[in-house]
Amino acid sequence: MGLTTILRGFKVPIAVLDRFLASNAVDTTGGCPPFLTPDLDSNGIPLDPHSAFLRAKLAAAGDNNSLARIFIPNRRGQDSCTHAYVAHAYVMVFAQRKITLAADLPDRAPPGFAELRREILGFAEEGEEALLRVDGMQGEEGEEPASLLYVVITEERAFPFARPFVPESVLTCEKCGAVFEAWVNLHYHCSEAHNLEMRGYTSPFPDNF
Ligand SMILES: [Zn+2]
């Protein structure tokens, strides 16, 4: 399933990120995009253990509502990726989506996030200088390197049909305006409360999503 992620955050060599995770007794990524299971975050969204660790660390730095998450691009059959992304905000795009940058992807990094970037990059070793200089690592003059804007293809992971991956408009009942956390709940609601047939599970969304 095609899935594109637009994120605000920073770029980091996977070898450096994994060294940081290992030093904190957290599973390394091994260059594999984190699965979104098995734990749920405070929004009821599946969360991988690496991102859960980052959120706990950011909570200790004063950001109790961190949405931090690790993304590793899908290179569509080419050699695996050398760099990952740590996002403090992101939106996932199924096919098309309107974005309000200030609300969806604010350019100001939350408390502790720039420090997290510095700490992770501090695990770079001799010989990795070139990895730290690739395009997208630093940003342009005047940009905050912990809060750059990226587009990442993450298509090999299942798409969670729930907020915040799905905008509220798609999870709102057209008949009564009730809003649901997950599309499946809206599906049951339409069936039980309004005796309505929803689109099938294989094609649940309206075509403007
Ligand atoms: Zn309804």
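Please read all numbers here as calculations on a predicted model, not as lab measurements. (Residues numbered from 1 in each chain as written. Predicted model: local features only at pLDDT ≥ 70, side-chain atom pairs only at ≥ 80, totals over all residues. Heavy atoms only, no water.)

Peer 1: What exactly am I supposed to notice about the sheet that holds strand E5 (residues 83-93) here?
Peer 2: Within a beta sheet, neighbouring strands are joined by backbone hydrogen bonds and run either parallel or antiparallel to one another. One open sheet holds the four strands; their spatial order is E4-E5-E1-E6, and the pairing between them is antiparallel. Each having just a single partner strand, strand E4 (69-71) and strand E6 (148-153) make up the two edges of the open sheet. Adjacent strand axes in the sheet meet at a mean angle of 55° when their direction is disregarded. With three bridges connecting them, E4 and E5 associate as antiparallel partners. Bridging from a neighbouring strand, Phe71 pairs with Tyr85 of E5. Seen against the sheet, helix H1 (residues 14-23) touches strand E1 (4-13), E4 and E5 and runs at an angle of roughly 75° to E1. Helix-sheet contacts for helix H2 (residues 49-60) involve E4 and E5, and the interaxial angle to E4 is about 140°. (Pairing = 2+ DSSP bridges. Helix = DSSP H or I, 4+ residues; strand = E, 2+ residues; numbered from the N terminus. Axes fitted to C-alpha atoms, helices over the stretch in contact; angles between N-to-C directions. Contact = heavy atoms within 4.5 Å.)

Peer 1: Is there a simple way to think about the packing of aromatic side chains in this case?
Peer 2: Aromatic rings considered in pairs are described by the distance between their centres and by the relative angle of their planes. Enumeration over the complete set of coordinates arrives at five aromatic pairs. Joined through ring pairs, the aromatic side chains of Phe20, Phe53 and Phe123 make up one cluster. (Phe/Tyr/Trp six-rings, centres within 6.5 Å; stacked < 30°, edge-to-face > 60°.)

Peer 1: Any chance you could explain the coordination of the zinc ion here in plain terms?
Peer 2: In the first shell of the zinc ion, the protein supplies Cys173 (SG), Cys176 (SG), His189 (NE2) and His194 (NE2), at 2.0 to 2.3 Å from the metal. Each of the four donor atoms around the zinc ion contributes to a set of angles spanning 102 to 118°, which defines the coordination as tetrahedral. Considered as a linear motif, the donors of the zinc ion on their single chain read C-x2-C-x12-H-x4-H. One end of the pair, Cys173, is in the loop between E6 and helix H6 (183-194); the other, His189, is in helix H6, with 16 residues separating them in the sequence. Overall, Cys173 belongs to the buried group, its relative accessible area being 3%. On the basis of relative accessibility, which here comes to 16%, the residue His189 falls in the buried class. (Donors = N, O, S within 2.8 Å, 3.2 Å for Na, K, Ca; no water. Tetrahedral: all angles 85-135°; square planar, octahedral: opposite > 155°, others 65-115°. Buried < 20%, exposed > 50% of the residue type's maximum accessible area, 1.4 Å probe, protein only.)

Peer 1: Explain the nonpolar core here, please?
Peer 2: Across soluble globular proteins, nonpolar side chains have a tendency to be buried as a group. Core analysis: the largest hydrophobic core is formed by 25 residues, its most contacted members being Val12, Phe113 and Leu116. Broken down by secondary-structure element, the contributors of at least two residues to this core are E1, H1, H2, E5 and helix H4 (113-121). Ignoring sequence-local partners within four residues, the contact set of Phe113 consists of Gly9, Phe10, Leu58, Ala68, Val86, Ala87, His88 and Ala146. Core analysis: the second largest hydrophobic core is formed by ten residues, Leu7, Phe71, Tyr90 and Met92 among them. (Core = buried A, V, L, I, M, F, W, Y, C linked by side-chain atoms within 4.5 Å.)

Peer 1: Sorry, what's going on with H6 here?
Peer 2: Count 3.6 residues to each turn of an α-helix, and residues three or four apart come out pointing the same way. If you check H6, its first and last C-alpha atoms are 16 Å apart, about what twelve residues at 1.5 Å a residue would give, namely 16 Å. Note on H6: the residue one or two positions beyond its end, Asn195, has a positive phi of about 55°. (Expected span 1.5 Å × (residues − 1).)

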